[in-house]
Amino acid sequence: MNESKKETRMGILQAASVIITVMISHIILNMPNHMISSTGPATILNVCYIFVISLLVFYFSSKVFDIFPRKRFN
């Protein structure tokens, strides 16, 4: 019984990941409205740039996590 409680706890890394995910999703959902008002017709180009940059960030972060497959961050 004690072990099942231990498995359901969140570590510091998981809690930080949840907070960062919520912050990034909030920024991404509000960004197009802000971009449309500031850049006008060039908005689609800016969205494409940000999409490519975010893909690169996720690609490199997944490669970093592949380097350390059994490392636990608790």
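In this report, we go over the structure that sits alongside the text. For every chain, the first residue of the written sequence is number 1, and numbering continues from 1 along that sequence. Side-chain atom pairs in this predicted model are given and counted only at pLDDT of 80 or more, local residue features only at pLDDT of at least 70, and totals for whole chains, interfaces and linings cover all residues. With hydrogens and water excluded, all non-hydrogen atoms of the structure serve as input to the side-chain values.

## Topic: the overall build of the protein
Within the protein one finds three helices and zero strands. Looking at the protein residue by residue over its 74 residues, the buried ones come to 3%. In short, Shrake-Rupley with a 1.4 Å probe defines the accessible areas, and a residue's cover is counted only from the protein chains shown. Of the accessible surface of the protein, which amounts to about 7000 Å², a share of 71% is contributed by carbon and sulfur atoms. For the purposes of this entry, the term helix denotes a DSSP run of H or I that reaches at least four residues, the term strand denotes a run of E that reaches at least two, and both are numbered from the N terminus. Only protein chains enter the accessibility calculation, which uses a 1.4 Å probe; a residue is then buried when its area is under 20% of its type maximum, exposed when over 50%, and partly exposed in between.

## Focus on the packing of aromatic side chains
Any Phe, Tyr or Trp ring, taking Trp's six-membered ring, that has another such ring centre within 6.5 Å forms a pair; planes under 30 degrees apart are called stacked, those over 60 apart edge-to-face, and the others tilted. If you walk through the whole model with that rule in mind, you get one aromatic pair. Seen from their ring centres, Tyr-59 and Phe-60 are 5.5 Å apart, and the 65 degrees between their planes marks the pair as edge-to-face.

## Quick notes on a nonpolar patch on the surface
On the surface, a nonpolar cluster with roughly 650 Å² of combined accessible area is contributed by Ile-44, Leu-45, Val-47, Tyr-49, Ile-50, Ile-53 and Val-57. The residue Ile-53 is located in helix 3 (residues 43-67) in this model. Overall, Ile-53 belongs to the exposed group, its relative accessible area being 51%. The patches reported here contain residues having more than 30% relative accessible area and no salt bridge. Joining distances are 9 Å for like charges and 5 Å for nonpolar side chains (Val, Leu, Ile, Met, Phe, Trp, Tyr). By definition, a salt bridge exists where a carboxyl oxygen of Asp or Glu is found within 4 Å of a side-chain nitrogen of Lys or Arg.

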